[in-house]
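A look at the structure
Given next are the chains, with one letter for each unit.
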Amino acid sequence: MVKDMTSGSPLKLIISFSIPVLIGNIFQQFYNMVDAIIVGQCISANALGAVGATGALTFLILGFVFGMTGGFSVIAAQRFGADDEDGLRHAVAMSVYLSLAITVVLTALSVILARPLLTVMQTPKEIIEDSYAYLIVIFAGIPAMVFYNLLSGILRALGDSKTPLYFLIVSSLLNVVLDLLFITVFHMGVAGAAYATVISQLVSGILCLVFMMKKFPILHFHRKDWQFDLVSIGAQLRLGMPMALQFSITAIGVIVMQSAINGFGPTVVASFTASSKVEQIITLPFMTLGATCATYAGQNLGARRYDRIHEGTMKASLLTIICALVCAGLILLFGKSMMHLFLRADQREAIDYGLRYLNIIIGFFIPLGLIYIFRNILQGVGKPFMPMMAGASELVMRCVFALLFAHFHSYEGVCFASPIAWVGAAVPLAIAYFIWVRQTKKGEAVQKAVRDAQ
């Protein structure tokens, strides 16, 4: 079930690995989309706005989780690429220790701070209670999110992008059933949607664990694998924490933008929620190619195939540009129909606001896609500092422009905050990547000269 990405055509490997990841990401988004669709259609626009108003906060916490587990899986990919089975098992064991510790702290803090954060974000009074009811369940379910993302990340590090997909499909279908059951039968409101999401993620994680125990002999642990090692823990943290913080830094900017949107009232909040869902689903190819590049770069770094890393990066960048143009075309053609998934046809004002946002951001899809490529490549080769700093640049630019335009009560101006931030992050990431390429080429030239002289 494992896939070695250190030999063969980089383009074919990237595409074949990406397809299951893309389908998996679609089903991952399906969780939140189903929540939004059923809440918006079966409860009310205000209820949809309540769920949407929590989006930035959930991204802050769950983004930290995604980044952390993604960093841990990079270490696993590097060990696998180097054919170091003992090192692979030990890296996985240390990531389990770290994940347990971080999950306890993260869950406690997020549950305690949920309501104060909603208040600070100026969540409209009409929706704040529903927002809190949804958010508190999601935060209490953080252990389930960590559980699934850690295990699926390890599977992908070994080159298996299909198995997490299969289990995610099962849990996504379960999520639909539970959403309908909790909301339309038991009348649990927005909290029912949150319970459905957490339960489904937990099921997906359990399925991954059972499969790994039965089908991956390489992950059959021994007592020595679980020996606590500060050096290994430090290596995990040096990759995992910057990646986690990078996601959280980006999320803080999204929180500021959500706060600016909240000032326009419940209708605009509902509109922004719907258009953000469309944005998330239509830009999934960027996230997919980025995740593939992290595994690809990690394995090839372990095998010291620097030439393949650069070749794969260039091919992935070209694919991203093509995807950006296709995605922009899809929004131009079907954006209104997509908005109708979340909002009823009679909610014309909300639909209009959402389309204005979507029509602004599609012109900036290329830099957004390249962010995912260069950020994940740098993380995969063990250089997480610049992605974190690029996230800081994105944060500053999004905050400054969102608050500036919100001050002048310009909705279109606030909509430009994210695209401007994407450009501000893409440029330093591209520069950092090409600096790394130049350094590795110099290093290889020096090593060749030494070998020739011996």
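Residues numbered from 1 in each chain as written. Predicted model: local features only at pLDDT ≥ 70, side-chain atom pairs only at ≥ 80, totals over all residues. Heavy atoms only, no water.

For the protein chain, the helix and strand inventory stands at 17 helices and zero strands. Taken against the 2.2 N^0.38 rule, which gives 22 Å for 454 residues, the C-alpha radius of gyration of the protein chain at 22 Å falls within 12% of a compact globule. Its C-alpha atoms put the protein chain at 75 × 45 × 35 Å along the principal axes. Among the 454 residues that make up the protein chain, the fraction classed as buried is 57%. Put simply, 86% of the contacts in the protein chain that link residues at least 6 apart link residues at least 24 apart. For the protein chain, the exposed surface amounts to about 18500 Å²; the carbon and sulfur share of it is 69%. Taking the average place of the 30 positive charges on the side chains of the protein chain and the average place of its 23 negative ones, the gap between the two points comes to 6 Å. (Helix = DSSP H or I, 4+ residues; strand = E, 2+ residues; numbered from the N terminus. Rg over C-alpha atoms; globule rule 2.2 N^0.38 Å. Buried < 20%, exposed > 50% of the residue type's maximum accessible area, 1.4 Å probe, protein only. Contact = heavy atoms within 4.5 Å. Areas by Shrake-Rupley, 256 points an atom, 1.4 Å probe, with all protein chains shown as cover. Lys, Arg positive; Asp, Glu negative; His and termini not counted. Charge placed at Lys NZ, Arg CZ, Asp CG, Glu CD.)

Moving on: the pattern of salt bridges. In this structure the tally under the stated criterion is eight salt bridges. Between Asp 307 and Arg 305 there is a salt bridge, and its shortest N-O distance comes to 3.5 Å. Owing to a relative accessible area of 46%, Asp 307 belongs among the partly exposed residues under this scheme. Looking at Arg 305, the relative accessible area reads 31%, which means it is partly exposed. What you see here is one network of salt bridges that share partners, running through Asp 86, Arg 89 and Asp 225. (Salt bridge = Lys/Arg side-chain N within 4 Å of Asp/Glu carboxyl O.)

Counting 71 residues, the largest nonpolar core has Ile 309, Met 339, Tyr 357, Leu 358, Phe 365, Tyr 411 and Trp 436 as its most contacted members. The element best represented in this core is helix H17 (residues 417-453), accounting for 10 residues. Core analysis: the second largest hydrophobic core is formed by 63 residues, Ala 77, Ile 102, Ala 157 and Leu 165 among them. (Core = buried A, V, L, I, M, F, W, Y, C linked by side-chain atoms within 4.5 Å.)

Here Phe 286 lies in helix H11 (residues 284-302). Each C-alpha atom, one on Phe 286 and one on Tyr 306, is 23 Å from the other, the two residues being 20 residues apart in sequence. Once residues lying within four places of it in the same chain are set aside, the contact partners of Phe 286 are Thr 320, Cys 323, Ala 324, Phe 365, Leu 368, Gly 369 and Tyr 372.

Enumeration over the complete set of coordinates arrives at 17 aromatic pairs. On the basis of an interplanar angle of 70° and a centroid distance of 5.7 Å, the ring pair of Tyr 97 and Trp 226 is categorised as edge-to-face. Of this pair, Tyr 97 sits in helix H4 (residues 85-120) while Trp 226 sits in the loop between helix H8 (190-215) and helix H9 (230-262), and the two are 129 residues apart along the sequence. Residue classification places Tyr 97 among the partly exposed residues on the basis of a relative accessible area of 30%. On the basis of relative accessible area, Trp 226 is assigned to the partly exposed category, the value being 30%. Ring centres of Phe 167 and Phe 211 lie 5.9 Å apart, and the angle between their planes is 70°; on these two criteria the pair is classed as edge-to-face. Within this pair, whereas Phe 167 is found in helix H7 (residues 163-185), its partner Phe 211 is found in helix H8, the two being separated by 44 residues in sequence. The pair formed by Phe 167 and Phe 211 is uniform in burial state, with each residue classed as buried. Among the aromatic residues, ring-to-ring pairing joins Tyr 306, Phe 374, Tyr 433, Phe 434 and Trp 436 into one connected group. (Phe/Tyr/Trp six-rings, centres within 6.5 Å; stacked < 30°, edge-to-face > 60°.)

Turning to unusual backbone geometry, a few remarks are in order. With the exception of glycine, most residues fall at negative phi, and the peptide bonds are largely trans. Phi at Asp 83 takes a positive value of approximately 60°, unusual for a residue other than glycine. By the secondary structure assignment, Asp 83 is in the loop between helix H3 (55-81) and H4. On the basis of relative accessible area, Asp 83 is assigned to the exposed category, the value being 70%. Unusually for a residue other than glycine, His 187 sits at a positive phi of about 55°. Its place among the elements puts His 187 in the loop between H7 and H8.

Take the packing of H4 against helix H6 (residues 142-157) next. Packing of H4 against H6 leaves a shortest axis separation of 9 Å and a crossing angle of 155°. On the basis of the axis angle, H4 is roughly antiparallel to H6. Considering how the two elements wind past one another, H4 and H6 form a crossing that is right-handed. For the pair formed by H4 and H6, the contact residues are Val 92, Ser 95, Val 96, Ser 99, Thr 103, Leu 106, Thr 107 and Ser 110 on the first element and Ile 142, Pro 143, Val 146, Leu 150 and Ile 154 on the second. Split into classes, the residues belonging to the contact of H4 with H6 amount to eight nonpolar, five polar and no charged. (Axes fitted to C-alpha atoms, helices over the stretch in contact; angles between N-to-C directions. Parallel < 35°, antiparallel > 145°, perpendicular 65-115°, else oblique. Left-handed = near helix turned anticlockwise from the far one by under 90°. Nonpolar A, V, L, I, M, F, W, Y, C, P; charged D, E, K, R; others polar.)

The next thing to look at is the environment of Ala 297. Looking at the element boundaries, Ala 297 is found in helix H11. Remark: the alpha-carbon pair of Ala 297 and Gly 81, spanning 216 residues in sequence, is separated by 9.6 Å. Look past the residues within four positions of Ala 297 in its chain and what remains in contact with it is Ile 309, Ile 377, Gly 380 and Val 381.

Next up on the list: a nonpolar patch on the surface. A cluster of nonpolar residues, Val 104, Val 105, Leu 109, Ile 112, Leu 113 and Leu 117, forms a patch on the protein surface that exposes about 550 Å² of accessible area. The class for Val 104 is exposed, based on a relative accessible area of 60%. (Patch = residues over 30% accessible without salt bridge, like charges linked within 9 Å, V, L, I, M, F, W, Y side chains within 5 Å.)

With their axes 9 Å apart at the nearest point, H4 and helix H5 (residues 128-140) run at an angle of 165° to one another. As judged from the angle between their axes, H4 and H5 are roughly antiparallel. When the axes of H4 and H5 are compared, the crossing they make is right-handed. Contacts between H4 and H5 pair Thr 107, Ser 110, Val 111, Ala 114, Arg 115, Leu 118 and Thr 119 from the former with Ile 128, Glu 129, Ser 131, Tyr 132, Leu 135, Ile 136, Phe 139 and Ala 140 from the latter.

Let us now look at helix H15 (residues 385-407). The end-to-end C-alpha distance of H15, which contains 23 residues, comes to 33 Å, matching closely the 33 Å that a straight helix rising 1.5 Å per residue would cover. Every buried residue of H15 is listed here: Pro 387, Met 388, Ala 390, Gly 391, Glu 394, Leu 395, Arg 398, Cys 399 and Ala 402. A positive phi of about 55° marks His 409, the residue just after H15. (Expected span 1.5 Å × (residues − 1).)

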